[in-house]
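# Remarks on the overall topology
Single-letter residue listing:
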Amino acid sequence: MREPIPVTRVTDHGTARLMPDVDRERAWLLTVDGAPQSYVDLRDPACLEFEYARRLGFVLDAVAEEGAPLDVVHLGGGALTLPRYVAATRPGSRQDVVEADRGLLELVTEHLPLPDGSGVLLHAADARAWLEGAPDGLADVLIADVFGGSRVPAHLTTLAYVREAERVLRPGGVYLANLADAAPFGFLRSQLATLAAVFEELALIAEPAVLRGRRFGNAVVVAAHRPLDLAAPARRAAADAFPARVEQGAAVRRFIGSARPVEDADAVPSPEPPDGAFGIG
């Protein structure tokens, strides 16, 4: 049987590379311009290798009754890790994936195709432009995991963007985002302040070392209009191989401090990660 080999392709927004996992059959790592972007196990789509993806998965598992189908919008496609996860753990879900890099979508679907009947629709479009054209109340969950290279694009950090995301969610819907920052957390605080201007309930999930300002890292943010019962995700995050803490309520308000919501005129991308922050191996 022929061994899988790496695949490299220049796409619309960078150089993408699919690399087989030598220790796990039919598992692949996607990098874009050298930065790890997604990990997919085609035999076990419920496997979430990256710790931030597991934290998103913990929340996804808790937002509705176990196994119940959800309507989900994913901003940012990558290797379609989370759409595969939702399709496997919540059969019958309807999902829209919005990815600006058409060439990346073509690469992923060619080499790592979605199973028949996955319920996943792919859209090659800018995330904000697609949101602005989407109908009200389309989704139960909206997940934002959009990086241009290693940075969240500026136009996806603003109050106008969050209002569009809120409009596309149903009244009980949940917004999730993967962000990255380091002390003094100017970007992360401003993003939480922007979400707090639209949503009543917020939560923040990150490793203690990141929250204490000891290193650059990912932070998952959660926002909704309804109270968030994150007891189960908190337990799972604490017991993870890379333990994380869930902060809610007053702790998040203290973290925001004096940060203000971001307007379009003032928007900047998320900070550039330091060398080696998200290396491979």
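Scroll up to find the structure.
Positions within a chain are numbered from 1, following the residues in the order the chain's sequence is written. Where local features are concerned, this predicted model is filtered to residues with pLDDT of at least 70; where side-chain atom pairs are given and counted, the filter is 80 or more; whole-chain, interface and lining totals use all residues. Side-chain numbers come from the whole structure's heavy atoms, not from hydrogens or water.

## Details of the nonpolar core
- Among buried residues, those of type Ala, Val, Leu, Ile, Met, Phe, Trp, Tyr and Cys that are joined through side-chain atoms within 4.5 Å constitute a nonpolar core. Relative accessibility decides the category of a residue: with a 1.4 Å probe and only protein chains considered, values under 20% of the type maximum give buried, values over 50% give exposed, and everything between is partly exposed. In this structure, Leu75, Leu142, Tyr175, Leu188, Leu192 and Leu204 are the most contacted members of the largest nonpolar core, which totals 42 residues.
- Excluding residues within four positions of it along the chain, Leu192 makes contact with Leu202, Leu204, Val221, Val252, Phe255 and Ile256.
- Grouped together as the second largest cluster of nonpolar side chains are 31 residues, Ala27, Val72, Leu82 and Leu228 included. The contact criterion used throughout is that any non-hydrogen atoms of two residues lie within 4.5 Å.

## Description of the packing of helix α1 (residues 51-62) against helix α8 (residues 231-238)
- A fitted line through C-alpha atoms serves as each axis, taken over the contacting stretch for helices, and the angle formed by two N-to-C directions is quoted from 0 to 180°. The helix and strand labels rest on DSSP assignments: H or I over at least four residues marks a helix, E over at least two residues marks a strand, and numbering proceeds from the N terminus. Between α1 and α8, the least distance of the axes is 9 Å, while the angle of their chain directions is 150°. Considering their axes alone, α1 and α8 lie roughly antiparallel with respect to each other. Read as a crossing pair, α1 and α8 show a hand that is right-handed. For the pair α1 and α8, the contacting residues are Phe58, Val59, Asp61 and Ala62 in the first and Pro233, Arg236 and Ala237 in the second.
- The classification used treats Ala, Val, Leu, Ile, Met, Phe, Trp, Tyr, Cys and Pro as nonpolar, Asp, Glu, Lys and Arg as charged, and all other residues, Gly among them, as polar. Taken together, the residues of the contact of α1 with α8 break down into five nonpolar, no polar and two charged. Roughly parallel refers to an angle under 35 degrees, roughly antiparallel to one over 145, roughly perpendicular to one between 65 and 115, and oblique to any angle outside these ranges. Each crossing is labelled by how the near helix is turned from the far one, with a counterclockwise turn of less than a right angle marking it left-handed and a clockwise turn marking it right-handed.

## Thoughts on the packing of aromatic side chains
- Each Phe, Tyr or Trp ring, with Trp reduced to its six-membered ring, pairs with another whose centre is within 6.5 Å; inter-plane angles below 30 degrees give stacked pairs, above 60 give edge-to-face pairs, and intermediate values give tilted ones. All chains considered together, the criterion is met by four aromatic pairs.
- Ring centres of Phe185 and Phe255 lie 5.3 Å apart, and the angle between their planes is 55°; this geometry places the pair in the tilted category. Of this pair, Phe185 sits in the loop between β9 (169-181) and α6 (186-196) while Phe255 sits in helix α9 (residues 250-256), and the two are 70 residues apart along the sequence. As far as the burial class goes, Phe185 and Phe255 line up, both buried.
- Taken together, the aromatic side chains of Tyr161, Tyr175 and Phe199 make up a single cluster linked through ring pairs.
- Charge over a ring is defined by NZ of Lys or CZ of Arg lying within 6 Å of the ring centre and within 35 degrees of the ring normal. Over the ring of Phe255 we find Arg189; its NZ or CZ atom is 4.5 Å from the centre of that ring.

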